[in-house]
Number of protein chains: 2
Amino acid sequence: MSSKQVNQIHNSINRVVHEPVRLAILKILTSAKEVDFNFLLTTLGLTKGNLATHISKLEMAGFIEVKKEFRGKIPHTSYRITRTGRHQFQKYWKNMKALAPE
Amino acid sequence: MSSKQVNQIHNSINRVVHEPVRLAILKILTSAKEVDFNFLLTTLGLTKGNLATHISKLEMAGFIEVKKEFRGKIPHTSYRITRTGRHQFQKYWKNMKALAPE
DNA sequence: ATAATTGGTTTGTATTAAAAACTGGTTTTT
DNA sequence: AAAAACCAGTTTTTAATACAAACCAATTAT
């Protein structure tokens, strides 16, 4: 008779959310209704390529919405968190707390 | 005049601690005084190789202490958290909270 | 004797975070 | 009017690493 694994909390941690840069992005997006590429770039102090890849991951996971428009002649990209994103962010923290001290 | 980056919390996140499996190990080690390889193996449901590499990382970072002994003729390895480990675990969570909702 | 188990370590692979290089334009300088 | 510099990103490359598979050495069971 084999016994079951009961304490595998680490498996409940969503890797898309878990990455620190993406956590920071999601945190920002939960309090601002909308932010743009350059705001994130300067606020987080990332390279453009790095930011772009993190953004893609969040978009592909359905956690953020991307809006592309022209401001005059210049392209402008901005982001919002989706309902799913907000939900998963909450859920992530709920799971993480099981790994916190106390 | 260039402005400074103020919101780079993600850089404060210690990657050695941040990995979910290692978080789980550290969590366990903060409440038990000492645990052994097999306890972690079955509790966490990992492969031996995977556990061994996580253990190494924690040891190299000075976060855990490894004790190797013979129990009769059988080798036995057990682990404790170090003062540094405990401290870094606390610090990690302090930093992480800056990325949490609310 | 041989097979299975224990207690690990070493090696290989696939993913991915991060930076560099590139693209398609626009604005500024000369 | 060209060229240089800049803007707003995307695509490509690289280096690190989580994870599993394979291995190893000794012990216990058949």
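In case you missed it, the structure is sitting above this.
Residues numbered from 1 in each chain as written. Chains lettered and ligands numbered in written order. Predicted model: local features only at pLDDT ≥ 70, side-chain atom pairs only at ≥ 80, totals over all residues. Heavy atoms only, no water.

**Concerning the nonpolar core**
Part 1: One finds Trp 93 and Met 96 of chain A together with Trp 93 and Met 96 of chain B to be the most contacted residues of the largest nonpolar core, which totals 58 residues.
Part 2: Ignoring any residue separated from it by four or fewer positions in sequence, one finds Met 96 of chain B in contact with Leu 23, Tyr 92, Trp 93 and Met 96 of chain A together with Ile 13 and His 18 of chain B. (Core = buried A, V, L, I, M, F, W, Y, C linked by side-chain atoms within 4.5 Å. Buried < 20%, exposed > 50% of the residue type's maximum accessible area, 1.4 Å probe, protein only. Contact = heavy atoms within 4.5 Å.)

**A short note on the protein's contact with DNA strand D**
Part 1: Near DNA strand D there are 21 residues, and of these Arg 15, Lys 48 and Thr 77 of chain A together with Arg 22 and His 54 of chain B occur at the shortest range.
Part 2: Within the contact set of DNA strand D, a phosphate oxygen lies 2.7 Å away from a side-chain nitrogen or oxygen of Arg 22 of chain B.
Part 3: Among the secondary structure elements, those contributing two or more residues to the surface near DNA strand D are helix H3 (37–44), helix H4 (48–60) and strand S3 (74–81) of chain A together with helix H2 (20–31) and helix H4 (48–60) of chain B.
Part 4: Tallying contributions element by element places H4 of chain B first for the surface near DNA strand D, with five residues.
Part 5: Residues of the surface near DNA strand D, tallied by class, amount to five nonpolar, nine polar and seven charged. (Near = heavy atom within 4 Å. Polar contact = N/O pair within 3.5 Å; in protein donor to acceptor, adjacent residues only side chain to side chain. Helix = DSSP H or I, 4+ residues; strand = E, 2+ residues; numbered from the N terminus. Nonpolar A, V, L, I, M, F, W, Y, C, P; charged D, E, K, R; others polar.)

**Quick word on the sheet that holds strand S2 (residues 64–71) of chain A**
Part 1: Reading across from one edge, S1-S3-S2 (chain A) is the order of the three strands in this open sheet, with antiparallel pairing throughout. The sheet is open, and its two edges are formed by strand S1 (35–36) and S2 of chain A, each paired on a single side. (Pairing = 2+ DSSP bridges.)

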